[in-house]
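# A closer look at the structure
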Amino acid sequence: MGVMTKERQEELFSQIAGVIEQSQSIAICAHTAPDGDAIGSALALQQLIEVRWPRKQVVALLADEDEVPRIYRFLPGAGRMVHACEFGATADLFICVDISGGARLNQAQGIWSAARRRVVIDHHPFAEINADLWLVRPSAAATGVIICEFAQHLGVGLTPDMARCLYCAIATDTGRFQYQNADSEAFNIAALLVEAGASPSELALNVYQNYSLSYLHLEAAVMGRITTFEGGRIAYSYSTTADLERTGASLDECDGLVDVVRSVAGSELILFLKEVPGGCIRGNLRSKADHDVCAIARELGGGGHKAAAGFTVKGDLDEVLSLALPKLRLLLRGAGPEGEAGR
Ligand code: 5GP
Ligand code: MN
């Protein structure tokens, strides 16, 4: 895939605007088990289209049957998202954001296939999904960055509501501006968003200072189990269904647990596994140096970015650990002289 230039992005924005013009009913959807970028980008795009084209019917869909994760319910528009399984219509246009792969549309896959036109807006390097228009720019820190630039392209001023949604998208996907993707573009756009009405303290209060006691008890268990390999360069932990039952924490609260594991000093490759329904294990992979964990996630049927990727596989914790750990060891050994990455 070639590098997406600003000129090419502008061209694609014009084409996407053209397709929106020609459509009356528009469905927007992000990925299954949505994160802050998925929800924030979907809601902001919905609002942007409603401001620019007030006569269009725009719905933001949830790919799963679950409610919007509790920590994102403060976002304007979250309360009017519609479950894909309850959307009985055919959309003239379906735009998926932050999707990464077609299977991640989950229950919205049928609506996607039936839509008259299909557009992808994403920042995942392997956005494996066919569409009529495909705007994928992996250099964007978050899909929210691209949505913000689409608003600028359209000459639509950011409303405070859009700004709050987009700030959520960028702040969460950069791990509060701490990960490798937190570049000057992300900071510049964040500044614009704060100027337009986004509130960093609102985001922090709702997302990062809003844990249930149940979740914190789960986090304590996960912390207690952190194990390191390869002289501390690989860090690993896990959560079980029994943990969730015992603590009362819910599955969607587990998204931040991989960050607990990555906080170990000296760790470069991070693996967090959790038991999920259906006899499956969900894995989160992170890289703090230059290693590409997306390659491992893809081998296991998942995907993501070079420094942050995920997968879901059938099996139990032991099986999946013995599947993933050798891959992590190989990745570590294959990359550069010993010790060089131990900064
Ligand atoms: P997380 O580990 O936080 O669930 O995801 C990290 C990154 O990898 C996110 O950008 C997410 O969209 C992507 N990702 C996670 N799981 C999968 C998966 O199963 N398939 C694909 N294609 N991407 C994934
Ligand atoms: Mn994203």
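Residues numbered from 1 in each chain as written. Chains lettered and ligands numbered in written order. Predicted model: local features only at pLDDT ≥ 70, side-chain atom pairs only at ≥ 80, totals over all residues. Heavy atoms only, no water.

### Examining the overall build of the chain
Looking only at helices and strands, one finds twelve helices and twelve strands in the chain. A total of 343 residues make up the chain; the buried ones form 54% of that total. Considering only contacts within the chain whose residues lie at least 6 apart along the sequence, 67% involve residues at least 24 apart. Split by element, the accessible area of the chain, about 14500 Å² in all, is 52% carbon and sulfur. If you average the places of the 30 positive and of the 42 negative side-chain charges in the chain, the two averages end up 1 Å apart. (Helix = DSSP H or I, 4+ residues; strand = E, 2+ residues; numbered from the N terminus. Buried < 20%, exposed > 50% of the residue type's maximum accessible area, 1.4 Å probe, protein only. Contact = heavy atoms within 4.5 Å. Areas by Shrake-Rupley, 256 points an atom, 1.4 Å probe, with all protein chains shown as cover. Lys, Arg positive; Asp, Glu negative; His and termini not counted. Charge placed at Lys NZ, Arg CZ, Asp CG, Glu CD.)

### A short note on the environment of L218
As for its position among the elements, L218 is in helix α8 (residues 213-224). The class of L218 is buried, set by a relative accessible area of 0%. For the pair L218 and D292, spaced 74 residues apart in sequence, the C-alpha separation works out to 29 Å. Not counting chain neighbours up to four residues away, the residues in contact with L218 comprise S239, D243, L244, T247, A249, C254 and L257.

### Observations concerning the sheet that holds strand β4 (residues 93-97)
Pairing is parallel in the open sheet, where six strands are placed in the order β3-β2-β1-β4-β5-β6. Both outer strands of the open sheet, β3 (82-83) and β6 (133-136), are each paired with one neighbouring strand and no more. Two elements, strand β1 (residues 25-29) and β4, share four bridges in a ladder whose sense is parallel. Within β4, the position partnered with I28 by the bridge is I95. On top of the sheet, helix α1 (residues 6-21) reaches β1, β4, β5 (117-122) and β6; it is set at about 140° to β6, its chief contact. Here helix α2 (residues 36-52) sits on the sheet in contact with β1, β2 (57-62), β4 and β5, set at roughly 175° to β2. (Pairing = 2+ DSSP bridges. Axes fitted to C-alpha atoms, helices over the stretch in contact; angles between N-to-C directions.)

### Details of helix α7 (residues 200-208)
Taken together, the buried positions of α7 are occupied by E202, L203, V207 and Y208. Where α7 is buried, its residues contact α5 (160-173).

### A few points about the coordination of the manganese ion (ligand 2)
For the manganese ion (ligand 2), the full set of protein donor atoms is D37 (OD), D98 (OD), H123 (NE2) and D173 (OD), and the range of their distances to it is 2.1 to 2.3 Å. Along the chain, the residues that donate to the manganese ion (ligand 2) are spaced as D-x60-D-x24-H-x49-D. With a gap of 136 residues between them, D37 in helix α2 and D173 in helix α5 connect regions that are remote in the sequence. (Donors = N, O, S within 2.8 Å, 3.2 Å for Na, K, Ca; no water.)

### Considerations on the side chain of T247
Inspection of the secondary structure puts T247 in helix α9 (residues 241-247). Polar contacts involving the side chain of T247 include one to the main-chain carbonyl oxygen of D243, which spans 2.8 Å. For T247, the residues in contact, after removing those within four places along its chain, are S214, H217 and L218. (Polar contact = N/O pair within 3.5 Å; in protein donor to acceptor, adjacent residues only side chain to side chain.)

### Focus: the sheet that holds strand β8 (residues 234-239)
Spatial ordering of the open sheet is given by β7-β8-β9-β10-β12-β11, a layout of six strands whose pairing is mixed. If you trace the sheet from one side to the other, it starts and ends with β7 (227-229) and β11 (303-304), each paired once. Pairing between strand β9 (residues 269-276) and strand β10 (residues 280-287): eight bridges, direction antiparallel. Paired with L269 across the two strands is S287, which belongs to β10. Here helix α12 (residues 317-334) sits on the sheet and contacts β7, β8, β9, β10 and β12 (308-314); the angle it forms with β9, its principal contact strand, is near 165°.

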